[in-house]
Amino acid sequence: MIQIMGYIKSAALEKTGFVVLDSYDQELDPQEWLDIEYNDWKSSGDTRFAPLASFAGDIECNGFWNHKPPRTDKDGVWIPSQVEKAPNLTRRAQEPGANVGRCRVIELQPNTYADCLYNLHQDDNNRLNPDGTGWVVRGFFNLTDDKDSFFVLRENRTDPSVEYRIALPAGAQLIVDTQRLWHAATHPGREPRYCLITSWTSGPELDAYIEKYHGTSDVPNVEVAQDVLDAGQAEQARRLAARAAYYAAKGQAEVTAMSEA
Ligand SMILES: [Fe+2]
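On a predicted model such as this, the values are computed, not experimentally measured, just so you know. The residue numbering used here restarts from 1 in each chain and proceeds along that chain's sequence as written. Where totals are concerned, whole chains, interfaces and linings use all residues; where local detail is concerned, this predicted model gives features only for residues with pLDDT of at least 70, and gives and counts side-chain atom pairs only at 80 or more. No hydrogens and no water enter the side-chain calculation; it runs on all heavy atoms of the structure.

Draft legend 1. Just helix α5 (residues 226-250), in detail. By the criteria applied, helices consist of DSSP H or I runs no shorter than four residues and strands consist of E runs no shorter than two, each listed in order from the N terminus. By definition here, a helix of n residues has an expected span of 1.5 Å times n minus one. Taking 1.5 Å per residue as the helical rise, α5 with its 25 residues ought to reach 36 Å, and the 36 Å between its terminal C-alpha atoms agrees with that figure. We call a residue buried when its accessible area falls under 20% of the maximum for its residue type, exposed when it is over 50%, and partly exposed in between, using a 1.4 Å probe and counting protein chains only. Along α5, the residues that are buried comprise Leu229, Gly232, Gln233, Gln236, Leu240, Arg243 and Tyr247. Contacts are residue-level and defined by heavy atoms, with any inter-residue pair within 4.5 Å sufficient. Its buried side turned inward, α5 meets α3 (113-119), β9 (146-154) and β10 (163-168). Count one or two residues on from α5 and you reach glycine 251, which has phi positive near 70°.

Okay, structure coming up:
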């Protein structure tokens, strides 16, 4: 555990901003993510979300700071009807014993590597978070067995020189400082991808959990052909330029970050 800029952070995340934990045996659990209730929520890509914990225990996904009274992404209220349908997902989100803010399952429709690069964004996890308390990071538990899919993490949105590509088979477990790292998922195929995303507060509980499950960022990058990487990079540049031109023509400030808020 280290303290930088007033916030308590995990030393394990300092170097790269993420860790991959031991894989979870997802096959043993029922597919609870198909039973819970989803609502439309704009995020990067074509998505729906099913919250398990929200601002006040309602089935909605808005940032806690957009409610009254506003608060940071901590002390999420579990939603009884959802928890009842997804006891294993709930248990897993609570296992670290760290404070949970928002907790939800994302449903992501298929996309390409180029889409993913365009979708790269940083999360707004620490708005209103008081200095001296734990930095909010996110857990990602992949639920579906997406053998050809991978998470893309970058320090800089448009610079491919630092790009981590993390495989997303069923049971893959990541913890990511998503306010630091630009992130999105590449998800080829025909079926939607499901992933449990939990906001956790950094501190001794989360550190112990990372240690218990051997968190490491020393994992192989998913291999992607160089021509696909180059084409994706070019397409990202083209789409970002097109969007900037669109906002310039309207005389509006560009919305630069597609945070899932
Ligand atoms: Fe995000």
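From this point on, the discussion continues.
Draft legend 2. The state of the cysteines, seen in detail. Two cysteine sulfur atoms form a disulfide, by the criterion used here, when they sit within 2.5 Å. In this structure the tally under the stated criterion is 0 disulfides. With no disulfide of its own, cysteine 61 lies closest to cysteine 103 among cysteine sulfurs, the gap being 11 Å. Counting only cysteine sulfurs, cysteine 103 is the nearest neighbor of cysteine 195, a cysteine outside any disulfide, at a range of 11 Å. Residue cysteine 195 is classed as buried on the basis of its relative accessible area of 1%.

Draft legend 3. Structural context of the pairing of strand β11 (residues 173-176). Judged by which residues are buried, β11 turns out to be covered on both faces: Gln173 and Ile175 on one side and Leu174 and Val176 on the other are all buried. The pairing of strand β3 (residues 18-21) with β11 spans 4 bridges and is antiparallel. Counterpart to leucine 21 in the pairing with β11 is glutamine 173. Pairing of strand β8 (residues 136-142) with β11 involves 4 bridges; the strand directions are antiparallel. Looking across to β11, one finds that phenylalanine 140 is bridged to leucine 174. Following DSSP output, two strands are said to pair if at least two bridges run between them.

Draft legend 4. Fine view of the packing of aromatic side chains. Ring geometry is summarised as follows: Phe, Tyr and Trp rings, the Trp one being its six-membered ring, pair when their centres sit within 6.5 Å, and such pairs are stacked at plane angles under 30 degrees, edge-to-face over 60 and tilted between the two. One pass over the structure, following the stated rule, counts 10 aromatic pairs. Measuring from ring centre to ring centre gives 5.2 Å for tyrosine 209 and tyrosine 213, while their planes differ by 65°; the resulting arrangement is edge-to-face. The same class applies to tyrosine 209 as to tyrosine 213, namely buried. Through a chain of ring-to-ring contacts, three or more aromatic side chains come together here, namely Phe141, Trp200, Tyr209 and Tyr213. Either the NZ atom of lysine or the CZ atom of arginine qualifies as a charge over a ring when it sits within 6 Å of the ring centre and within 35 degrees of the ring normal. If you follow arginine 92 out to its NZ or CZ, it ends over the ring of tyrosine 24, 3.5 Å from the centre. In this structure, arginine 104 packs its charged tip against the face of phenylalanine 49, placed 4.8 Å from the ring centre.

Draft legend 5. Structural detail: the sheet that holds β9. Spatially, 3 strands are ordered β10-β9-β12 in an open sheet, and the strand pairing comes out antiparallel. The outermost strands of the open sheet, each flanked by one partner alone, are β10 and β12 (182-186). When strand polarity is set aside, the average angle formed by the axes of neighbouring strands in this sheet is 20°. Of the strand pairs in this sheet, β9 and β12 are connected by 5 bridges, and their pairing is antiparallel. Paired with valine 152 across the strands is alanine 184, a residue of β12. In this analysis, axes come from line fits to C-alpha atoms, helices being fitted only over the stretch in contact, and the angle between any two N-to-C directions falls in the range 0 to 180 degrees.

Draft legend 6. Main features of the environment of tyrosine 113. Here tyrosine 113 lies in helix α3. C-alpha separation for the pair tyrosine 113 and glutamate 235, spaced 122 residues apart in sequence, amounts to 9.6 Å. Apart from the residues lying within four places of it in its own chain, the contact partners of tyrosine 113 are Phe150, Val152, Arg154, Glu163, Thr186, Val228, Leu229 and Gly232. Pairing of N or O atoms within 3.5 Å defines a polar contact, subject to two protein rules: one partner must be a possible hydrogen donor and the other a possible acceptor, and residues neighboring in sequence count only if both atoms are side-chain atoms. A polar atom in the side chain of tyrosine 113 sits 2.9 Å from the side chain of glutamate 163.

Draft legend 7. Molecular detail of the pattern of salt bridges. By salt bridge we mean one thing: a side-chain nitrogen of Lys or Arg within 4 Å of a carboxyl oxygen of Asp or Glu. If you walk through the whole model with that rule in mind, you get 13 salt bridges. Where glutamate 107 meets arginine 48, a salt bridge forms, and the shortest distance between an N and an O atom there is 2.8 Å. Of this pair, glutamate 107 sits in strand β7 (residues 100-108) while arginine 48 sits in strand β5 (residues 47-54), placing them 59 residues apart in sequence. Classification of glutamate 107 as buried rests on a relative accessible area of 6%. Note that arginine 239 is salt-bridged to aspartate 115, the shortest N-O span being 2.9 Å.

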